[in-house]
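Residue-level listing of the chains:
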Amino acid sequence: MRRLVSDTLVIAERNLVRLPRSPDLLLAFTVQPVMFVLLFVYVFGGAINTPGYDYVDFLIPGIIVQNIAFGGFVTALGLSEDLNKGLIDRFRSLPMARPAVLAGRTAADVVTNTLSVLVLLVTGLIIGFSFHASVGEVLLGFLLLLLFGYAFSWIFALLGLMVSSPEAANSLGFIAVFPLTFISSAFVPVDSMPSALQWFADVNPFTIVVDAMRSLWLGAPAGNSVWGGFVWSALIIAVFAPLAVSRYRRAAGRA
Amino acid sequence: MPSRAEETVLERTEPRSVAAGEAAISARGLVKSFGDVRAVDGVDLEVRAGTVLGLLGPNGAGKTTTVRMLTTLLKPDAGEMRVAGLDAVKDAAKLRERIGLAGQYAAVDENLTGAENLTMVGRLYGMSRAQAKQRAAELLARFSLTEAAKRPARGYSGGMRRRLDLAAALVARPPVLFLDEPTTGLDPRSRLSLWETIEGLVADGTTVLLTTQYLDEADRLADKIAVIDHGRVIAEGTSDELKDRVGGERLEVTLDDPEQAETAVDALAPLTDERPVVEAGVVKLTVRERRGAIVDAVERLKAAGVGVDDLGLRRPTLDDVFLTLTGHAAEDGADEETGESR
């Protein structure tokens, strides 16, 4: 267990140290989401009717949830690259704790996710977003965001170990996650969608987490969303972490 | 390259878990299939401690799969393996502390510096940060990477990457080292320098199993060579033994006076089973016994009064060996499999 923790920290450190050296990834974390916020607020914002809220208040929790779900992309790309370059073979030939490579990766995502949440939040505050909540609720919202992002990192970890190249991880991940985030309450009110999509949006964990964030940060009615968001996150981790670790054990370099 | 004295200082105190002369690596009946393809089809290997075994074969012959099984990366479908005194399947976790693996594709993190790469590996072996840094510095010096230590590895040349990869494999001073095509794709100078490094490690007592598709590499580094093709070891022995299996050596005599060819052929006939042939003033024959062949030939020619301009034994190369054993040339096989040129 001590080895698991120390090996995980070594791998997490490795992934954080290399981050500033990949400027393209840093751009993806910072500039791109800010661009989306500005586009949505100023291009679509006027056309989307969000009863009870300014669009910027409505959007910020939604777009932060979308963004944090994509935070795990780095894990998929990184693992796929490590596999192709033979680094996974090296790690697997070392006497290190087996889950550490994945645990370290996903832990590093929590740090980068925190960074990108802060960037988005600051952008939001500058263009008019405001909290209607207690400090405790704001912090609980942060916790839910990071946990949900962490859960998605494990999904992406499995994806990264299964696909044949970082490019494939990129397009598959995008195809799988992008529609999920859009068919939810993240960008538009669900009741504006056709009924089949409404049905899907209502059970979509994204809707649940976005609703939870609106409840925690804006004081919207919570319903079951807050505890639902935590349960969904925990479920995703419980399913995907063991799957990813078992895949890692059998992972073969494609060299 | 640092001096040998320096290497000795670094390596002298290293524990050896296998006594000299014992088998440091042994495999019996290894089998591994991927779907319908039997990549490894009953491989037996034995490497005595402190020696180098060259696993020679074209791409797709099963070399890498064999190494992956011996290094615990892959479980065999059948067979037994003992490495450094441990069962490679049952004691896999413990074995990983005793082996080093340097791969065909230099497995270094390009976004980390040379020093960070080695420090990371050291810490994953359970060293403290300070120990790992110290060991990284030693290895960087030994592999002439000190100057590049603080640069990200993405800017390294192919040769530097291989050295860094090999250094990473040596972090824990493993008594048994696996090198999977250590010089594939390297330029001749880097190749030579890597060969010298490997020879240095062996001189210090490390057991090495190296795979290669280069015959000259096996010839130079390996104490014993196992020729592998289609997942099976088809021949094993020293380089000389393998060459002997292909047939004796060729004696070639260039005459002063081509007119004397018939006399020379008669004089040399007792050395060979077939009648010597004459091509453009050169008498050629396959000698029955390599030892003493030159002296014998010179004496016979002198007695017959034949003037000799040049005389030499041409040994069969490992290329000849491979061609004879497998029916195809080593390098041809490689090109067929990968479809790429080197």
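Position numbers for residues start from 1 in each chain and track the written sequence from start to end. The order in which chains are written sets their letters, starting at A; the order in which ligands are written sets their numbers, starting at 1. Where totals are concerned, whole chains, interfaces and linings use all residues; where local detail is concerned, this predicted model gives features only for residues with pLDDT of at least 70, and gives and counts side-chain atom pairs only at 80 or more.

1. Regarding the interface of chain A and chain B
- Residue-level contacts link 20 residues of chain A with 24 residues of chain B.
- Helix and strand definitions follow DSSP, with helices as H or I runs of at least four residues and strands as E runs of at least two, each counted in order from the N terminus. Elements supplying a minimum of two residues to the side of chain A that touches chain B: α1 (2–18) and α5 (87–92) of chain A.
- Take the side of chain A that touches chain B: its biggest share by element is six residues, from α1 of chain A.
- A class-by-class count of the residues in the side of chain A that touches chain B yields eight nonpolar, three polar and nine charged. A pair of residues counts as a contact when their C-beta atoms, built from backbone coordinates, are within 7 Å of each other. When residue character is reported, Ala, Val, Leu, Ile, Met, Phe, Trp, Tyr, Cys and Pro are called nonpolar, Asp, Glu, Lys and Arg charged, and the others, Gly included, polar.

2. Topic: the environment of asparagine 204 of chain A
All names here are of chain A.
- For asparagine 204, the location among the structural elements is in the loop between α9 (195–203) and α10 (205–218).
- Considering only alpha carbons, one finds asparagine 204 and leucine 180, 24 residues apart in sequence, at a separation of 7.3 Å.
- If we skip the residues at most four places from it in the chain, asparagine 204 touches Leu180, Ile183 and Ser184.

3. Remarks on the domain arrangement of chain B
- For the domain bounds, the source is a domain assignment made automatically or taken from a database. The domains assigned to chain B are domain 1 (4–243) and domain 2 (248–314).
- Taken over C-alpha atoms, the centre of domain 1 of chain B sits 45 Å from the centre of domain 2 of chain B.

4. Structural notes on the sheet that holds strand β2 (residues 37–48) of chain B
All names here are of chain B.
- Between any two strands, pairing holds if DSSP finds at least two bridges. Read across the open sheet, the four strands follow the order β2-β1-β4-β5; overall the sheet is antiparallel. At either margin of the open sheet sits one strand with a lone partner, and together these are β2 and β5 (86–87).
- Looking at chain direction, strand β4 (residues 78–83) and β5 are connected through two bridges and run antiparallel. Within β5, the position partnered with valine 83 by the bridge is leucine 86.

5. Looking at the pairing of β4 of chain B
Residues and elements named next belong to chain B.
- By the bridge criterion, five bridges tie strand β1 (residues 23–34) to β4 in an arrangement that is antiparallel. Considered in β4, the bridge of alanine 27 is made with methionine 81.
- Counted between consecutive antiparallel strands, the loop separating β4 from β5 contains two residues, among which alanine 84 sits at a positive phi close to 50°.

6. With respect to the packing of helix α2 (residues 23–44) of chain A against helix α6 (residues 100–126) of chain A
All names here are of chain A.
- At a minimum axis separation of 9 Å, α2 and α6 run at an interaxial angle of 35°. Crossing of α2 over α6 shows right-handed handedness. Contacts between α2 and α6 pair Phe29, Thr30, Pro33, Val34 and Val37 from the former with Thr112, Leu115, Ser116, Val119, Leu120, Thr123 and Gly124 from the latter. In this analysis an axis means a line fitted to C-alpha atoms, helices contributing only their contacting stretch, and an angle means the value between N-to-C directions, from 0 to 180 degrees. Throughout, a crossing is termed right-handed when the near helix is turned clockwise from the far one, and left-handed when it is turned anticlockwise from it by less than a right angle.

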